[in-house]
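# Structure assessment
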Amino acid sequence: MIISIASGKGGTGKTTLATNLALSIGKCQLLDCDVEEPNSHIFIKPRLIRSRSVSLPVPKVDDKKCTYCGKCSEVCQFSALAVIRKNVLVFQELCHGCGACSILCPVDAIWEVEREIGVMEIGQAGDVHFIHGLMRISEAMSPPLIKAVKNEAEKDMVTIIDAPPGTSCPVIEAVKDSDFCVLVTEPTPFGLNDLVLAVEMLRILEIPFAVVLNRSDVGDDKVDEYCEKEDIPILMKIPMDRELAEAYSEGIPFVEAKPEWKEKFADLYNNIIRMV
Amino acid sequence: MKSITVISGKGGTGKTILTASFAALAESKVMADCDVDAADLHLILKPEILKEEVFLGGQAAKIDKSKCIECDRCLDECRFDAISENFVVDPIDCEGCALCYHVCPVEAIEMIHSKQGRCYISKTRHGHMVHAKLGIAEENSGKLVALVRKHAREIAERENIEYVIVDGPPGIGCPVISAITGASLVLAVTEPTVSGLHDLKRVVGLANHFGIKALVCVNKHDLNPAYTRQIELHCQEVDAEFVGKISFDTVITKAMLNAQSVVEYQPDSSVSEQIKSIWQRVDEVARTLP
Ligand code: SF4
Ligand code: SF4
C-alpha cells in the first residue's frame, strides 16, 4: 500500500499530513521525496541508522583515444558535452546519465564515473521507518535522487510518500506507482488554481485521489464547489488553529500537540484503504 | 536594467503575495512569473494576453511497430525503463535521451517533441508581465523559465525599464537555478519555523554558490518570535542582509480573495507598511549593484 501526499502549491501542509498520518497508523514507512527541501525529519526526529551517497554516472573522456569527431556532443540531448577543437568539455550538472555518449562513441574513448548528486539517510522513530534524500546544493535534477529513495524502501510495508510541490517531473517521479494520492490544498484562489493542475496531473497518471483541505476556514468555498462538481471526495478538513501553527513552527507534530487528532488521522487512513 | 528574483526554498511562505505588492510599488518594472509549474501571480495581476508562444521543450521516443524487428537493443540500452516488453515507450518515463533512436538498427524510432507549454506576454494594470503554463506532467521547466526571463529582459531593455521582478519557484533545483540566473539579487521569503529556517539555509546557500547577493525577509514573524530572531542571526552569519518582517494577518488572505495585492487592498494597514519598507530596502540595495 503506497499513499503519496502531494499538492500543486507549496506550503499547504503536505509534510504536516504525511508525518501525522505516519505517526497515527502503527508500523509503516515514511519516504520524504521532497529532496530539494526535505522537512519531514524535523517532525519525525528519526534516529539515523545509516546514510549513503547517491550518484549519477557522467562521462569521462580518454584524451589518448579521442579523435574529437564530435559524435558525443551531437548525440547528447542535454547539451552536456561540447567539442571545441582539441578539447571535450563536459558540463556535469547538465548530464542526465543516459549513457548515449559513451555507448555511441565510435572509438570507445568515453567511460563513465560516478558523480554525487545528494545523500540518502535511513532512520527509525518508534514504529516509523524513515528514508529521505537530501539533494546537494547547486544540483539541478532531483528525480534520480527521488528514484533512489523509493528504491531503498522496504517492500510490503505501508508506505507514505511526502512529495515535492508542483506538477512537473520531480512530483511525477515521487507519486508514480502510488495506490492512492492525497492532495492537500487550502481554500484560497492560489490553492484552487494549483489544485486543478494537480488533479489534471493525477488523471494523466491514472492514480486515484482525494483532497484534504487545510486551514479550511480561512478563505472561500470555491475549493468545495470545485470538488463537488468534479466528484472529488474531501477526506478531511483541518481548521486554522494558531496553537497548531505554533507547534508546527517548533517542529512538534500535530498529534503530539493535540493527541485527539491521532484518531482522526487513523480514520483518514481507514477511509483511504476503503477507497483503494 | 536590474533583475530581482523572489524565492523561498520552502513553498507557501508568501512569495507571490509579496511579488504582487512589488508590482504595485515599483515604478518602472516588468513582472515575470517563473513559477511555471504552479503559476499564481496572474490571479492577482489579471493579465490581458498580448502575445502567445508555444514552447517546445523535451521530447519522447516513439517506436514504429511496422518497422520494429524486436531485436531488444533499445530495451537493453534504455536506462530509464521507459520501453515495455512489447516495445511501447511510456512518454512519462522517457527521459528523451534518444539513445534508443541511435541504437535502433532499422530506424524504427522517432523522437517526437511534445508541446510542453506556452509562454505569454501580457499587459496588466502594473505594466508588462511575462508568464507561462507548463504542460501538465511535463519536464524541462528550467528551459521554460529561461524563456520567460528572456522575454521579460527584452521588454525591459527595449522600453528602458528599470526592473525585471521575478516570482521564482519553490525548491532549489533546476527551475530555481534558471530563475536566479542573471539576477542582480534575490530576496528570500521565509517563515519563523524550523522548516522555514532549514529551507532558507539551503536556498541562501544556493544564491551564495552562484555569487548572487541574497536578502531575506520573514513572513508571519510573530508566529514564533524566537525563530524570527534565529533567522536574523543566521543572516548575519552567512552575510545575507535581513530586510524586514511581515505580521501574521488575515488581511493577506482577504487581499488574495479580492484579487488584489495587499498594498492595493489596504494601503494603510500595518502589513502594507511592512511590505513597503521591505521594497524600499530592496530598491536601495539594487541601486548600489552593478
Ligand atoms: S551520459 Fe547522456 S546526458 Fe550525459 S553527457 Fe552523455 S549523452 Fe549527455
Ligand atoms: S529516448 Fe532514452 S529514455 Fe526515452 S525510451 Fe529512448 S532510451 Fe529510453
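Scroll up for the structure.
Predicted, not measured: the structure shown is a model, and the values here were computed from it.

### A word on the overall build of chain B
When its secondary structure is counted, chain B shows 11 helices and 9 strands. When contacts within chain B are restricted to residue pairs at least 6 apart in sequence, those whose partners lie at least 24 apart make up 75%. Of the roughly 11,600 Å² that chain B leaves accessible, carbon and sulfur atoms contribute 48%. Here chain B carries 31 positive and 40 negative side-chain charges, and the mean point of each set is 4 Å from the other.

### Remarks on the site of ligand 1
Taken together, P59, C76, F78, A80, L81, C95, H96, G97, C98, G99, A100 and C101 of chain A are the residues near ligand 1. Looking at the shell around ligand 1 residue by residue, the class counts come to 9 nonpolar, 3 polar and no charged.

### Topic: the packing of helix α1 (residues 15–25) of chain B against helix α11 (residues 270–288) of chain B
Residues and elements named next belong to chain B. Interaxial distance between α1 and α11 falls to 10 Å at its minimum, and their mutual angle equals 70 degrees. Our classification of the angle between α1 and α11 gives roughly perpendicular. Residues L18, S21, F22 and L25 of α1 touch α11, and the partners they reach there are I275, K276, I278 and W279. Grouping the amino acids of the contact of α1 with α11 by side-chain chemistry returns 6 nonpolar, 1 polar and 1 charged.

### Concerning the environment of L31 of chain A
Residues and elements named next belong to chain A. When you line up the elements, L31 lands in strand β2 (residues 28–32). Each C-alpha atom, one on L31 and one on V58, is 27 Å from the other, the two residues being 27 residues apart in sequence. If sequence neighbours within four positions are ignored, L31 has contacts with I131, V149, K150, A153, T159, I160, I161 and D162.

### Side note on the packing of aromatic side chains
Applying the stated criterion across every chain yields a total of 6 aromatic pairs over all chains. Pairing F254 of chain A with F265 of chain A gives two aromatic rings, centres 5.9 Å apart and planes at 80 degrees, and the pair type is edge-to-face. Within this pair, whereas F254 of chain A is found in helix α10 (residues 254–257), its partner F265 of chain A is found in helix α11 (residues 261–275), the two being separated by 11 residues in sequence. For the pair shown, F254 of chain A and F265 of chain A are each scored as buried. Cluster of aromatic residues (ring-pair linked, three or more members): F254, W261 and F265 of chain A. Lying over the aromatic face of F248 of chain B, K220 of chain B brings its terminal NZ or CZ to 5.5 Å of the ring centre.

### Focus on a nonpolar patch on the surface
All names here are of chain A. Taken together, I84, L89, F91 and L94 make up a surface patch of nonpolar side chains, about 310 Å² in accessible area. For I84, the position within the fold is in the loop between β4 (81–83) and β5 (88–90). A relative accessible area of 44% means that I84 is categorised as partly exposed.

### What to know about the environment of R125 of chain B
Residue and element names in this part refer to chain B. As for its placement among the helices and strands, R125 is situated in the loop between β4 (109–124) and β5 (127–134). Between the alpha carbons of R125 and P47 there is a distance of 8.0 Å; along the sequence they are 78 residues apart. When sequence neighbours within four positions are dropped, the list of residues in contact with R125 reads I44, L45, A259, Q260, S261 and E264. Within the local environment of R125, its side chain forms a polar contact with the backbone oxygen of I44, the two atoms lying 3.0 Å apart. Within polar-contact distance, the side chain of R125 engages the side chain of H126 at 3.5 Å.

### Thoughts on the pattern of salt bridges
This structure, assessed with the given rule, holds 32 salt bridges over all chains. The closest approach of N and O atoms between R202 of chain B and E37 of chain A, which form a salt bridge, is 3.5 Å. In this pair, R202 of chain B sits in helix α7 (residues 194–209) while E37 of chain A sits in the loop between β2 and α2 (40–44), so the two residues belong to two different chains. Residue classification places R202 of chain B among the buried residues on the basis of a relative accessible area of 9%. The class for E37 of chain A is buried, based on a relative accessible area of 3%. For E162 of chain B, the salt bridge goes to R287 of chain B, with nearest N and O atoms at 2.7 Å. Taken together, the residues span a long stretch of sequence, with E162 of chain B in the loop between α5 (141–158) and β6 (163–167) and R287 of chain B in helix α11 at a distance of 125 residues. Taking the relative accessible area as the measure of exposure, R287 of chain B reaches 47% and is therefore partly exposed. Residues joined in a network through salt bridges with shared partners are R50, R52 and E152 of chain A.

### Comments concerning the site of ligand 2
Surrounding ligand 2, one finds 13 residues, the nearest of these being C78, C94, C97, A98 and C100 of chain B. In the shell around ligand 2, the residues fall into 11 nonpolar, 1 polar and 1 charged.

### Brief notes about the pairing of β2 of chain A
Residue and element names in this part refer to chain A. Across the 5 residues of β2, 5 count as buried, placing the element largely inside the fold. Burial of the side chains of β2 extends over both faces: C28, L30 and D32 are buried on one face and Q29 and L31 on the other. Where β2 lies against strand β7 (residues 128–135), 5 bridges are found, and the strand directions are parallel. Each bridged residue has a counterpart across the sheet, and for C28 the counterpart in β7 is V128. One ladder, built from 4 bridges, connects β2 with strand β8 (residues 159–162); its direction is parallel.

Criteria and cut-off values
- Residues numbered from 1 in each chain as written.
- Chains lettered and ligands numbered in written order.
- Predicted model: local features only at pLDDT ≥ 70, side-chain atom pairs only at ≥ 80, totals over all residues.
- Heavy atoms only, no water.
- Helix = DSSP H or I, 4+ residues; strand = E, 2+ residues; numbered from the N terminus.
- Contact = heavy atoms within 4.5 Å.
- Areas by Shrake-Rupley, 256 points an atom, 1.4 Å probe, with all protein chains shown as cover.
- Lys, Arg positive; Asp, Glu negative; His and termini not counted.
- Charge placed at Lys NZ, Arg CZ, Asp CG, Glu CD.
- Near = heavy atom within 4 Å.
- Nonpolar A, V, L, I, M, F, W, Y, C, P; charged D, E, K, R; others polar.
- Axes fitted to C-alpha atoms, helices over the stretch in contact; angles between N-to-C directions.
- Parallel < 35°, antiparallel > 145°, perpendicular 65-115°, else oblique.
- Phe/Tyr/Trp six-rings, centres within 6.5 Å; stacked < 30°, edge-to-face > 60°.
- Buried < 20%, exposed > 50% of the residue type's maximum accessible area, 1.4 Å probe, protein only.
- Lys NZ or Arg CZ within 6 Å of the ring centre and 35° of its normal.
- Patch = residues over 30% accessible without salt bridge, like charges linked within 9 Å, V, L, I, M, F, W, Y side chains within 5 Å.
- Salt bridge = Lys/Arg side-chain N within 4 Å of Asp/Glu carboxyl O.
- Polar contact = N/O pair within 3.5 Å; in protein donor to acceptor, adjacent residues only side chain to side chain.
- Pairing = 2+ DSSP bridges.

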